[in-house]
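# Secondary and tertiary structure notes
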Amino acid sequence: MLFQFVKLTTSIMEGFKRPDDHAEWMNIFQLMYHMRQALACAICGKIVSNPYTPVQESCHCVCSSCHVENAQMSYNCITCRHAQASQDGFKLNSDLKHNAAGFLLLCKLIEEKGIVQKWPSLSLPNGQGGPQGGTVTFSKLIKEGIDAAKEANDECCLSESFRKAKVKQRRKPCRCGSGKNNNGRPGNLTCLGQRCTCYKEGKGCENCKCVGCKNPNGTSLNEP
C-alpha cells in the first residue's frame, strides 16, 4: 500500500506540471480509483479514515462504525470471519490510517488546483477499471475524498473536545488550612474564600487535603 501511495503521489505531482495532458490524468484517475478501493470499508464501502484490519492478516479493512457493530455483520472473507469471532480479532491499522489520510489530502489538493474543473467528464466505465455495472467519474471520486476528509476532521474535533472536557473536569484537591504557617490552627474561613479552587468553582471539597474545611458545598473529613 505504501508503494501504491508513493507512486500515486509522484504521478499527481508530475501531473500538476501537465494539467492538460488527458492521458496522464486518466492514468492518475485509474491509480486513485484502485487506491480508493483498497481503502474502502469491506462492509459499507466508504473510504475509511480509521481502518481496522484483522490481526492475523490485513486482508480487508473496516471503518470504525462498522467495527463497533461487527457482531451484526457478515463477512465473505474467511479471515475476517475468524477475526469477527475473536474478541481482539481486529486492530486499528496505523499504516493504513496514514495512507488513507494522505489519499484524502491528495483529493483536497487536486480540488484546490482546479484539475477537477478541467476534466469534468473523465470517467472509468465498466470494463476499463471502473465498478462492475456502473461508471465512476473523476469529479465524483474527488468529492467523495473531500467529504470523507471533512467527516474525519469533524470526528477528530469531537474527540479532541471530549478529551479537553475530561481534562478540564480533573482538578487538584485543595490544601487549604494545611500550610506550615497555620501552626495546626486553620482559620474560620478555610475553604470559604476565592483562594480555594473548590469553593471558587462551587464544588465541595471531596477527597481534598484541606484541614478545618468550612466549604458550604461539602466539607472534607479532615479535622484540625
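None of these values were measured; they are calculated from a predicted model.

Scanning the protein chain from N- to C-terminus turns up eight helices and four strands. Going residue by residue from the N terminus, the α and β elements of the protein chain occur as α-α-β-α-α-β-α-α-β-β-α-α. Per-residue burial for the protein chain yields a buried fraction of 35% across its 224 residues. A fraction of 51% describes how many contacts in the protein chain between residues 6 or more apart in sequence connect residues 24 or more apart. Accessible surface computed for the protein chain: about 14100 Å², of which carbon and sulfur atoms make up 50%.

Side chains of nonpolar character tend, in soluble globular proteins, to be buried together. Core analysis: the largest hydrophobic core is formed by 44 residues, its most contacted members being Trp25, Met32, Phe103, Ile110 and Phe138. Looking at this core, the element that brings in the most residues is helix 2 (residues 22-38), giving eight residues. Not counting residues within four places of it along the chain, the set of residues in contact with Met32 comprises Leu8, Ile12, Phe103, Cys107, Ile110, Phe138, Leu141 and Ile142. Counting nine residues, the second largest nonpolar core, distinct from the first, contains Cys176, Cys196, Cys205 and Cys213.

What follows deals with the packing of helix 1 (residues 2-17) against helix 5 (residues 94-112). Running from amino to carboxyl end, helix 1 crosses helix 5 at an angle of 15 degrees, the nearest separation of the two axes being 11 Å. As judged from the angle between their axes, helix 1 and helix 5 are roughly parallel. Classified by chirality, the crossing of helix 5 by helix 1 is left-handed. For the pair formed by helix 1 and helix 5, the contact residues are Leu2, Phe5, Leu8, Thr9, Ile12, Met13 and Phe16 on the first element and Asn99, Gly102, Phe103, Leu106, Leu109 and Ile110 on the second. When grouped by side-chain class, the residues that make up the contact of helix 1 with helix 5 number 10 nonpolar, three polar and no charged.

Rules used in this analysis
- Residues numbered from 1 in each chain as written.
- Predicted model: local features only at pLDDT ≥ 70, side-chain atom pairs only at ≥ 80, totals over all residues.
- Heavy atoms only, no water.
- Helix = DSSP H or I, 4+ residues; strand = E, 2+ residues; numbered from the N terminus.
- Buried < 20%, exposed > 50% of the residue type's maximum accessible area, 1.4 Å probe, protein only.
- Contact = heavy atoms within 4.5 Å.
- Areas by Shrake-Rupley, 256 points an atom, 1.4 Å probe, with all protein chains shown as cover.
- Core = buried A, V, L, I, M, F, W, Y, C linked by side-chain atoms within 4.5 Å.
- Axes fitted to C-alpha atoms, helices over the stretch in contact; angles between N-to-C directions.
- Parallel < 35°, antiparallel > 145°, perpendicular 65-115°, else oblique.
- Left-handed = near helix turned anticlockwise from the far one by under 90°.
- Nonpolar A, V, L, I, M, F, W, Y, C, P; charged D, E, K, R; others polar.

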